[in-house]
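Remarks on the overall topology
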Amino acid sequence: MTTRPFIIGITGGSASGKTSFLKDLLGSFPDNQICLISQDNYYKARHEIPVDDNGVHNFDLPETIDYHRYAEHISQLRAGHIVEQVEYTFNNPNVVPRILTFRPAPIIVVEGIFVFHFKEIADLLDLKIFIAAKNKIKLERRIRRDNEERGYDLDDVLYRWKHHVRPTYQQFIKPYKEEADIVIPNNRHYQKGLEVVVGYLKGRIA
């Protein structure tokens, strides 16, 4: 009899450190033991993304995500099926989207800012992890990341932070912190929290 995969959900505000945490988490297991399926690849097409009063696309809203398809793929992985999804390239014309293949594994990691908000997805999670950081630190990280990786200038980053990122965190992310099984502070580092999670997961699949 095949054991059902153990599904963990990881969320937190923008620039809370989820990507770094995920990288170290995935690196703690062989590839055949863990599968990451990220919300980032389930954004809707650009013409379906809402725009704010100033005509700026707001990607920080739940309605930007095709969460029904996301939940369907998670369910298929849990049932032992391989799933495929077209990579979301954030509308970068210089990037050719790949076909991403997700394979069943003992541990399935579901990651994204709305994975606790969508009940259809939250109900599939066996463990909920919230990565937390102070707003000032998150903003500093966001400014650095968006400038270095995406070429956004400071005014653009601050506009999106004030009008999109911060309101979304308050309304759609922070309220679910109380529902998390584990809250990992990441103002400076997350190593101790990571060790706890890795130890627990290795015990689950031993």
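For the structure, check the block above.
Given the structure is predicted, the values throughout are model-derived calculations rather than measurements.

1. Looking at the nonpolar core
- Of all hydrophobic cores here, the largest spans 35 residues; its most connected members are Ile37, Tyr70, Ile74, Phe102, Val110 and Ile121.
- Looking at this core, the elements with two or more residues in it are strand 2 (34-38), helix 2 (67-78), strand 4 (99-102), strand 5 (107-111), strand 6 (127-132) and helix 5 (154-173).
- Per-element tally for this core: the top contributor is helix 2, with four residues.
- In this structure, Phe29, Ile34, Leu127 and Leu194 belong to the second largest nonpolar core, which totals 19 residues.

2. A short note on the packing of aromatic side chains
- Summed over all chains, the structure comprises eight aromatic pairs.
- Aromatic pair Tyr67 and Phe118: ring centres 4.3 Å apart, planes at 10°, arrangement stacked. With Tyr67 in helix 2 and Phe118 in the loop between strand 5 and helix 3 (119-122), this pair connects stretches of sequence that are 51 residues apart.
- Since its relative accessible area comes to 28%, Tyr67 is described here as partly exposed.
- Taking relative accessible area as the criterion, Phe118 reaches 5% and is therefore assigned buried.
- Relative to Phe172, the ring of Phe114 has its centre 6.3 Å away and its plane inclined at 85°; by these criteria the two rings are edge-to-face. Here Phe114, found in the loop between strand 5 and helix 3, pairs with Phe172, found in helix 5; they are 58 residues apart in sequence, far enough to count as distant.

Quick notes on the rules
Residues numbered from 1 in each chain as written. Predicted model: local features only at pLDDT ≥ 70, side-chain atom pairs only at ≥ 80, totals over all residues. Heavy atoms only, no water. Core = buried A, V, L, I, M, F, W, Y, C linked by side-chain atoms within 4.5 Å. Buried < 20%, exposed > 50% of the residue type's maximum accessible area, 1.4 Å probe, protein only. Helix = DSSP H or I, 4+ residues; strand = E, 2+ residues; numbered from the N terminus. Phe/Tyr/Trp six-rings, centres within 6.5 Å; stacked < 30°, edge-to-face > 60°.

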